[in-house]
Amino acid sequence: MLKSNNCFPTVSLKPILQLLTNIKKKGFFHLLSANFIIGFLGFGSQLLVAKFLTPIELGQIKAIQSFIGVGAILAGFGFNTAILKLCSEKRSSEERAFIFKQNFYYTIVPILLVLAGFVCLAKFGLLSPDKTINKWLPLYMLVIPALVYTSLIMVYLQALKKIQLMARVQVFIRMFGFIILIPATYFYGLIGFILSTIFIGYIALMPLFNLVKDSLVVKFKVKVKAVFHQSFFFAKWSAAANVIATVGQFVDIFMLNYLIKDRVIFGYYGLATIFIIGLNYITSTVQSIATPYFSEKSDDKKEFLRVLKKYEKLMILLALGVSIAAFMIVPPFIKIVYGNNYASAGLYFRILVLKYFFWSCYALLGVAILGLGKMRFNFLSVSISVPCSLILSYFFITSYGAIGAAVAQAIAYFITLLIVLYMTKYVIKIHFVVPATNNP
């Protein structure tokens, strides 16, 4: 990429342009635009409604959404990962549809268990010292089934590589939801935000159901043997890893929720995390595009490494550029839009940008491990990194407050990067030495 001309190095743009053209064909920019819209109307919607809510209410929403994030992972129980892995393999369309339908029904039980668990926790005031959080979470949790089934359908379409179709439908529906969310929050505040979010979740699910209804109602002539056994194998490791990883993702919010008394500062910190979530959609989009290709290449070491290096290069370049731009732009934007009282949110954000960059550097490595079917190593990685994050967060928050939470996150994600790098090298080594099986 670097060419020397006399003593002055120049950059050849041709490889970069070829790379961008390639990912465009795979639907990257369609999915990226859809993800950004989804982000604004989910967690990212707080950017638009924060002016209609007090900082305390903003902090309450962040805490509630963090609990819902963990709850949705538990309720899905990793069956989305099973669909993605098994349906990305070289199978007939009927076999893929059968796997999807069976996993669709498997999720009913964990969904009901999670909803019952949240009701009990809220009733006894165990979710938070803030009574408002315990009051409204049993209502907000009604969005969990919509989140779970949306995830199942999305990964099924992803496994079938119908990226552009998935993106177009989501864009249309989320634009409709946007029209509902903003006025509902403006006129009714916190309760308006909660009710409109639930409504939007189910409205968004309807066209997705329509896309896969044939796979759900058809009677199959071809069935996949031991589909529950295979699905449960991948699901259990994925659920365990994702629950711990999601706790790690929200550990700063959880710890601040329990440890910090100043709920206004908690709200400012919550605003900073919203911008980080916006950046995360870029990385998540690359993950979505790359995952099926890792599964396809899992039996070919040369091709697998080629795909991994290609997407990893793209991800690091994107993350670096986005991080620098966001570092410069977001804090002044916060002051202009939300006022000088929110200036501390800009400081928190600049520290949390390091968290985003470190995560982006290893995000594709995690899905590469998934593509090889070695989910237990993802579980092992987060089992090491999340306890480190909890310890760091407790120490820094009790010592330095909200700014300590941001610093702890940056350090924890750097440590996780080192762990995942080592784990990925080890997994690739053993996978391509020992013959791949369905039960690694």
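Quick caveat: nothing in here was measured; it's all calculated off a predicted structure.

(A) Local environment of the overall build of the protein chain. Looking only at helices and strands, the protein chain has 17 helices and two strands in total. Looking at the protein chain residue by residue over its 440 residues, the buried ones come to 55%. Put simply, of all contacts in the protein chain between residues at least 6 apart along the chain, 81% involve residues at least 24 apart. Here the protein chain displays about 19800 Å² of accessible surface, and carbon together with sulfur accounts for 69% of that area.

(B) Fine view of empty space enclosed by the protein. With the rule as written, the count across this model stands at two cavities of 30 Å³ or more. Within this model, the second largest cavity holds a volume of roughly 110 Å³. Lys62, Gln249, Phe250, Asp252, Ile253, Thr273, Ile276, Ile277, Asn280, Leu352 and Lys355 are the residues that line the second largest cavity. Elements with a contribution of two residues or more to the lining of the second largest cavity: helix H12 (251-259), helix H13 (263-296) and helix H15 (343-371).

(C) Focus on the packing of H12 against helix H16 (residues 375-400). For the pair H12 and H16, interaxial distance at closest approach is 10 Å and the crossing angle is 40 degrees. Classified by the angle between their axes, H12 and H16 sit oblique to one another. Crossing of H12 against H16: the hand is right-handed. Two secondary-structure elements touch here, H12 through Val251, Asp252, Met255, Leu256 and Leu259 and H16 through Ser389, Leu390, Ser393, Tyr394, Ile397 and Thr398. In terms of residue class, the contact of H12 with H16 is made up of seven nonpolar, three polar and one charged.

(D) A look at helix H14 (residues 301-338). Bending of H14 peaks at approximately 35 degrees at the position of Ala326. After H14 finishes, the residue Gly339 shows a positive phi value of roughly 100 degrees.

(E) Fine view of the environment of Ile329. Along the chain, Ile329 falls in helix H14. Under the relative-accessibility criterion, Ile329 is labelled exposed at 57%. Through-space distance from the C-alpha of Ile329 to that of Gly346 is 9.7 Å; in sequence the pair is 17 residues apart.

(F) Spotlight on the nonpolar core. One finds Phe100, Ile144, Tyr269, Leu271, Tyr311 and Phe349 to be the most contacted residues of the largest nonpolar core, which totals 131 residues. Counting residues per element, this core draws most heavily on H15, at 19 residues. When sequence neighbours within four positions are dropped, the list of residues in contact with Ile144 reads Ile68, Gly71, Ala72, Ala75, Val114, Leu115 and Phe118.

(G) Quick look at H15. Its 29 residues give H15 an end-to-end C-alpha distance of 42 Å, which sits within 8% of 42 Å, the value for a rise of 1.5 Å per residue. At Cys361, H15 is bent by approximately 35 degrees, the largest bend along its length. For H15, a buried count of 24 out of 29 residues is recorded, marking the element as mostly surrounded by other parts of the structure. Downstream of H15 by one or two residues, Gly373 has phi in the positive range, about 75 degrees.

(H) Expanded view of the packing of aromatic side chains. Tallying each qualifying case throughout the model produces 24 aromatic pairs. Ring centres of Phe275 and Phe349 lie 6.0 Å apart, and the angle between their planes is 75 degrees; on these two criteria the pair is classed as edge-to-face. Residue Phe275 is located in helix H13, and its partner Phe349 is located in helix H15; the two are separated by 74 residues in the primary sequence. Of the two residues, Phe275 and Phe349, both sit in the buried class. With centroids separated by 6.5 Å and ring planes inclined at 35 degrees, the aromatic side chains of Tyr362 and Tyr413 adopt a geometry described as tilted. Of this pair, Tyr362 sits in helix H15 while Tyr413 sits in helix H17 (residues 402-431), and the two are 51 residues apart along the sequence. Exposure class is identical for Tyr362 and Tyr413. Each is buried.

(I) Looking closely at the packing of helix H4 (residues 55-76) against helix H9 (residues 144-159). Where H4 meets H9, the axes come as close as 9 Å, and the angle between the chain directions of the two elements is 55 degrees. Overall, the two elements H4 and H9 adopt an arrangement that is oblique. Read as a crossing pair, H4 and H9 show a hand that is right-handed. The segment H4 lies against H9, with Ile68, Gly71, Ala72, Ala75 and Gly76 engaging Ile144, Leu147 and Val148.

(J) View of unusual backbone geometry. You will see that Phe77, though not glycine, has its phi angle at about 50 degrees, which is positive. In this structure, Phe77 sits in the loop between H4 and helix H5 (79-88). Accessibility expressed as a relative area gives 29% for Phe77, which makes it partly exposed.

(K) Main features of the side chain of Ser196. Position of Ser196 relative to the elements: it lies in helix H10 (residues 163-217). A distance of 2.7 Å separates a polar side-chain atom of Ser196 from the backbone oxygen of Gly192. Within polar-contact distance, the side chain of Ser196 engages the backbone oxygen of Phe193 at 3.1 Å. Not counting residues within four places of it along the chain, the set of residues in contact with Ser196 comprises Ile180, Leu181 and Ala184.

(L) Quick peek at the environment of Asp299. Inspection of the secondary structure assignment puts Asp299 in the loop between H13 and H14. According to the relative accessible area criterion, Asp299 is exposed, its value standing at 67%. Here the alpha-carbon distance between Asp299 and His431, two residues 132 residues apart in the chain, equals 8.9 Å.

Reading the values: rules and limits
- Residues numbered from 1 in each chain as written.
- Predicted model: local features only at pLDDT ≥ 70, side-chain atom pairs only at ≥ 80, totals over all residues.
- Heavy atoms only, no water.
- Helix = DSSP H or I, 4+ residues; strand = E, 2+ residues; numbered from the N terminus.
- Buried < 20%, exposed > 50% of the residue type's maximum accessible area, 1.4 Å probe, protein only.
- Contact = heavy atoms within 4.5 Å.
- Areas by Shrake-Rupley, 256 points an atom, 1.4 Å probe, with all protein chains shown as cover.
- 1 Å grid on protein atoms, 1.4 Å probe; cavity = no way out; pocket = protein on both sides within 12 Å on 5 of 7 lines; lining within 4 Å.
- Points joined across faces, edges and corners; volume = space filled by probe spheres on them.
- Axes fitted to C-alpha atoms, helices over the stretch in contact; angles between N-to-C directions.
- Parallel < 35°, antiparallel > 145°, perpendicular 65-115°, else oblique.
- Left-handed = near helix turned anticlockwise from the far one by under 90°.
- Nonpolar A, V, L, I, M, F, W, Y, C, P; charged D, E, K, R; others polar.
- Bend = angle between axes of the 7 residues up to and from the residue.
- Core = buried A, V, L, I, M, F, W, Y, C linked by side-chain atoms within 4.5 Å.
- Expected span 1.5 Å × (residues − 1).
- Phe/Tyr/Trp six-rings, centres within 6.5 Å; stacked < 30°, edge-to-face > 60°.
- Polar contact = N/O pair within 3.5 Å; in protein donor to acceptor, adjacent residues only side chain to side chain.

So, to be careful, I would describe these as geometric facts and stop short of saying anything about function.
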